[in-house]
Amino acid sequence: MAQEKKQEMKAIKSTLNNLILERDSFKGKDGKDMFSYFIHGYALGREIKAGFVASDQGGYEVLDLLFSLEKDVKVVMRDEVMTDEKGRDTHYTVYEARVQDDDGNVYSYKIKPARNSDKTYLDMLLTALAKNENGGDDKVA
């Protein structure tokens, strides 16, 4: 059952890499303007936001640069495998914010879901998008 779910999500990820990363501004504790990053959509009859964060502290400046190049920053997902020194494989998903400039240069930066619940929200959105592509619900993302 778990293996079937993994295969289903892998197929969904490969066909639905047209998700758009959005951002909202908010005031930090120090009064400084900051941004939160998320994918917004509808699943199970509700509005859902899956939050994302930069993979390191300096990454927020990179994300600002990406948003200055393009209003619609795409989120691209792919599965990767890492093998440790004992030969054991660890499977994981890589998330990238990606834009293309006017000259055709592609810029990307690795992001990650903010919390475990955001991974679940993302799975719900992907499932709803797949259902929509197969003739299901119209209101998704």
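Note that this is a predicted model, so its numbers are computed, not measured.

(A) Focus on the sheet that holds strand β6 (residues 106-113). Taken together, the six strands give a closed barrel; going around it, the order is β1-β2-β3-β6-β5-β4, and neighbouring strands pair in antiparallel fashion. Averaged over all pairs of adjacent strands, the angle between their axes in this sheet comes to 50°, without regard to strand direction. The sheet contact formed by strand β5 (residues 89-100) and β6 spans six bridges and is antiparallel. Bridging across to β6, Arg98 finds its partner in Ser108. Lying on the sheet, helix α2 (residues 59-69) is in contact with β1 (19-27), β2 (33-43), β3 (46-54), β4 (73-83), β5 and β6; it crosses β6 at an angle near 130°. Against the sheet, helix α3 (residues 116-133) engages β1, β2, β3, β4, β5 and β6, with an angle of about 125° to β3.

(B) Geometry of the environment of Lys112. Along the chain, Lys112 falls in strand β6. Classification of Lys112 as partly exposed rests on a relative accessible area of 41%. In sequence terms Lys112 and Phe52 are 60 residues apart; their C-alpha atoms lie 5.4 Å from each other. Those residues within four positions of Lys112 in sequence are excluded, and the remaining contacts are Gly51, Phe52, Val53, Ala54, Ser55 and Tyr95.

(C) Representation of α3 within the structure. In a regular helix each residue adds 1.5 Å, so 18 residues correspond to 26 Å; α3 covers 26 Å between its end C-alpha atoms and thus fits that length. Taken together, the buried positions of α3 are Asp118, Leu122, Leu125, Leu126, Ala128, Leu129 and Ala130.

(D) Region of the structure containing the nonpolar core. Of all hydrophobic cores here, the largest spans 25 residues; its most connected members are Leu19, Leu21, Phe52, Leu63, Ile111 and Leu122. Those elements that provide at least two residues to this core are β1, β2, β3, α2, β4, β5, β6 and α3. With five residues, the single largest contributor to this core is α3. The contact partners of Leu63, leaving out residues within four places of it in the chain, are Leu21, Tyr37, Ala54, Ala97, Tyr109 and Ile111.

(E) Seen up close, α2. Every buried residue of α2 is accounted for by Gly59, Leu63, Leu66 and Phe67. Buried residues of α2, seen end-on, are gathered within an arc of 95° and therefore sit on one face of the element. Away from its buried face, by an angle of more than 90 degrees, α2 presents the exposed residues Glu61, Leu65 and Ser68. Residues of α2 that are buried in the fold lie against β1, β2, β3, β4, β5 and β6.

Criteria and cut-off values
- Residues numbered from 1 in each chain as written.
- Predicted model: local features only at pLDDT ≥ 70, side-chain atom pairs only at ≥ 80, totals over all residues.
- Heavy atoms only, no water.
- Pairing = 2+ DSSP bridges.
- Helix = DSSP H or I, 4+ residues; strand = E, 2+ residues; numbered from the N terminus.
- Axes fitted to C-alpha atoms, helices over the stretch in contact; angles between N-to-C directions.
- Contact = heavy atoms within 4.5 Å.
- Buried < 20%, exposed > 50% of the residue type's maximum accessible area, 1.4 Å probe, protein only.
- Expected span 1.5 Å × (residues − 1).
- Core = buried A, V, L, I, M, F, W, Y, C linked by side-chain atoms within 4.5 Å.
- Arc of directions from axis to C-beta.

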